[in-house]
Amino acid sequence: MRLHHLSDPVLHALNSVTEDEGTVAFLLDAESSRRLLLLRAILDAAADADDVRRAWRLLEAAERAAPAVFRTVLLDPQVGVWAASLVRRISRPDPTATSGEPPLRVELGFLGQLAAAVFIAGGADFRARVPVRDGRVFLPGLGRATVGGDPWGTAEVWGHDGAVRVAAGGVTVTLPDDRESDAPGWEGQRRLRAEHGGVTLTLVLDDLGPYAPVPALTASGRLSSAQFASWQRWVARMWTVLVDDHPVSARALTAGLRSVVPLPRGERLRARAASSSDAFGCLLLSEPDEDEDVLPAQLGVAVLHEFRHTLLNGLIFLTPLFEECDELLYAPWRDDPRPLGGLVHGAYAFSGVARYWRTRGVEGLAGFEYALWRSAVRTVLGSLREHRALTPPGHALIDSLDEQTAGWHAERVGVREQRLARLATVHHRATWRAHHLQVPAAQAKELAEAWCAGRPVDAVTRHPEPVLRADPQARRLDTFALLARLSLVAPGEFEALRASGNPARKVAGVVPADLALVDGDAATAVKLYSEELSGPGARPAAWAGLGLALAECGERAAGNALTEHPELALAIRDLLPGSPDPVLLAHWLAK
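Residues numbered from 1 in each chain as written. Predicted model: local features only at pLDDT ≥ 70, side-chain atom pairs only at ≥ 80, totals over all residues. Heavy atoms only, no water.

A. Fine view of the overall build of the protein chain. Counting its secondary structure elements, the protein chain contains 24 helices and 16 strands. Against the globule reference of 25 Å for 591 residues, the protein chain gives a C-alpha radius of gyration of 27 Å, in line with a compact fold. Here the C-alpha coordinates of the protein chain stretch approximately 90 × 50 × 50 Å along the principal axes. Split into buried and exposed, the 591 residues of the protein chain put 55% on the buried side. Excluding contacts between residues fewer than 6 apart, the proportion of contacts in the protein chain whose partners are at least 24 apart in sequence is 68%. (Helix = DSSP H or I, 4+ residues; strand = E, 2+ residues; numbered from the N terminus. Rg over C-alpha atoms; globule rule 2.2 N^0.38 Å. Buried < 20%, exposed > 50% of the residue type's maximum accessible area, 1.4 Å probe, protein only. Contact = heavy atoms within 4.5 Å.)

Pasting the structure below:
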């Protein structure tokens, strides 16, 4: 372990919309030191435990026997999640197990599993006692042995002359020579491999690890051979695109990526992806949609998106980019209001996303995605540019991203693609406001009374300062972006959806008015949104849709009144005994 200095060249490379192989190597060195500190904190907290002292001595011997292998195992994302979560646990006033947690001795005993994995990968003889977790012994980077018996018992692991065995309760599991292969009682940790143009990517497909990098996301569990083959095919196709069209990013990925945790397939064109600050180099990805002509590019951008979160987490561990701040802000990629850190992360990740699509053309899916995300980045950078809670390094990062992306907004994309991006952008923001911003009660009452009396209101009442109250019911604010993608990627599906009587049965959150508007039939959209808003149970998103539809029909002032301040229409409607005519209300608000 050594000190790590953020030099100007490293900071310059990190404060970029691109990824850099050398900088990734620097962050990996720093991450290695951070994990060593976590291990030391675990030892210091449990130094009076005999099992921990024995495991620590074994780990020291493993590092001496195979230092390069030790570093590789140390950087396994499962090790990072285990170490960070255990340090948090032992920092609690009472670290004993709560509901759903394994016994503390089992978590501490993972030190022995870590040491055993180093010895096995290094080919050295050893013997170790390790804990059993739910009847299994997981060896990071290698696989999992099922020994049964006591769910929280103890097992022996030993290696001699290249043969490795795990034994507990009369059950002995012998690891195969090819550790990635399965054998009786053994599930090997398989790797995804892709090679193109002399650039090779190797990733662990982590469907065995006991530690969830993002606990809220349920992993797929052990994949079948056919499922693994599908992932191998998807990654190989993605890698060809990345190496050919994004070679600098591809080389950075070879340096920093370690594993992929597979998630079940999500909704159509709503793939899920995530990463964790505790698991450097680990991506959580749902099975992609298998649209032959777009899958490689969509999977590639998901990988780069989450990898940029990993890089920023590495930077934040070295220097703070923002101070503690209670403020919640608008993020064009989320349904919910986000803290300042979420906006910084999003600006960093989506600037790379926009840059990725920028290289892929100005029409079709690429043109739409580029127009959509350059607009989102511009919005968020505007919110962050002078934010008081940013530190000097944080300001430097935002200023650098701002400078690099400033010229993008003048670049032309296809007319259709730009229109769809504008619809998705405006609809998302307006729907977010409708869900999360509330008009103060006194001003809402004044607005409602003025409407009922047929008189105008002054500018202060028409545009009050709303109050942010997060609405947990806000869901699928990306509906227009999803429909835009569907119309570009699978026009036949889009047409079938529009022809169906109840599109929400196939695509959650979609109503016929949305499809009409995306398809360019604004007059029909006005009629359908008006019908919804004139009845009970209207969605907040319907005000945003009506505003867009009115604007496309030439009634720009009325449309803008709804898309810029939909919360005003909602406040008036909520105070009236009946539903006002939504089009008349829009025109009244525009006066």
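Once you've had a look at it, read on.
B. Quick look at the sheet that holds strand E9 (residues 199–205). Pairing is mixed across the open sheet formed by five strands, whose spatial order is E8-E9-E10-E12-E11. At either margin of the open sheet sits one strand with a lone partner, and together these are strand E8 (191–196) and strand E11 (273–274). Across two bridges, E9 lies against strand E10 (residues 259–263) in parallel orientation. The residue bridging Leu205 from the neighbouring strand is Val260, located in E10. (Pairing = 2+ DSSP bridges.)

C. Representation of the packing of helix H2 (residues 21–45) against helix H5 (residues 77–90) in the model. In the contact formed by H2 and H5, the axes pass within 10 Å of each other and the chain directions differ by 40 degrees. Considering the angle they form, H2 stands oblique to H5. The chirality of how H2 crosses H5 is left-handed. Residues Arg35, Leu38, Leu39, Ala41, Ile42 and Ala45 of H2 form the contact with H5, whose own contacting residues are Pro77, Val79, Gly80, Trp82, Ala83, Ala84, Leu86, Val87 and Ile90. Among the residues making up the contact of H2 with H5, the classes are represented as 13 nonpolar, one polar and one charged. (Axes fitted to C-alpha atoms, helices over the stretch in contact; angles between N-to-C directions. Parallel < 35°, antiparallel > 145°, perpendicular 65-115°, else oblique. Left-handed = near helix turned anticlockwise from the far one by under 90°. Nonpolar A, V, L, I, M, F, W, Y, C, P; charged D, E, K, R; others polar.)

D. Representation of the packing of aromatic side chains in the model. Scanning the entire structure with this criterion turns up ten aromatic pairs. Between Phe119 and Phe126 the ring centres are 5.3 Å apart and the planes differ by 5 degrees, which places this aromatic pair in the stacked class. Joined through ring pairs, the aromatic side chains of Trp82, Phe110 and Tyr211 make up one cluster. The ring of Phe317 has Arg34 sitting right over it, with the charged end atom 3.9 Å from the ring centre. The lysine or arginine in question, Arg308, covers the ring of Tyr348, its NZ or CZ lying 4.1 Å from the ring centre. (Phe/Tyr/Trp six-rings, centres within 6.5 Å; stacked < 30°, edge-to-face > 60°. Lys NZ or Arg CZ within 6 Å of the ring centre and 35° of its normal.)

E. Broad picture of the pairing of strand E12 (residues 282–286). The buried fraction of E12 amounts to five of the five residues, a majority that puts the element mostly inside the structure. By the alternation rule, side chains of E12 split into Cys282, Leu284 and Ser286 and Leu283 and Leu285, which are all buried. Summarising the sheet, E10 and E12 pair through five bridges and their orientation is parallel. If you follow Val260 over to E12, its bridge partner there is Leu283. Where E11 meets E12, two bridges bridge the pair, whose relative direction is antiparallel. From the neighbouring strand, Ala273 faces E12, where its bridge partner is Leu285.

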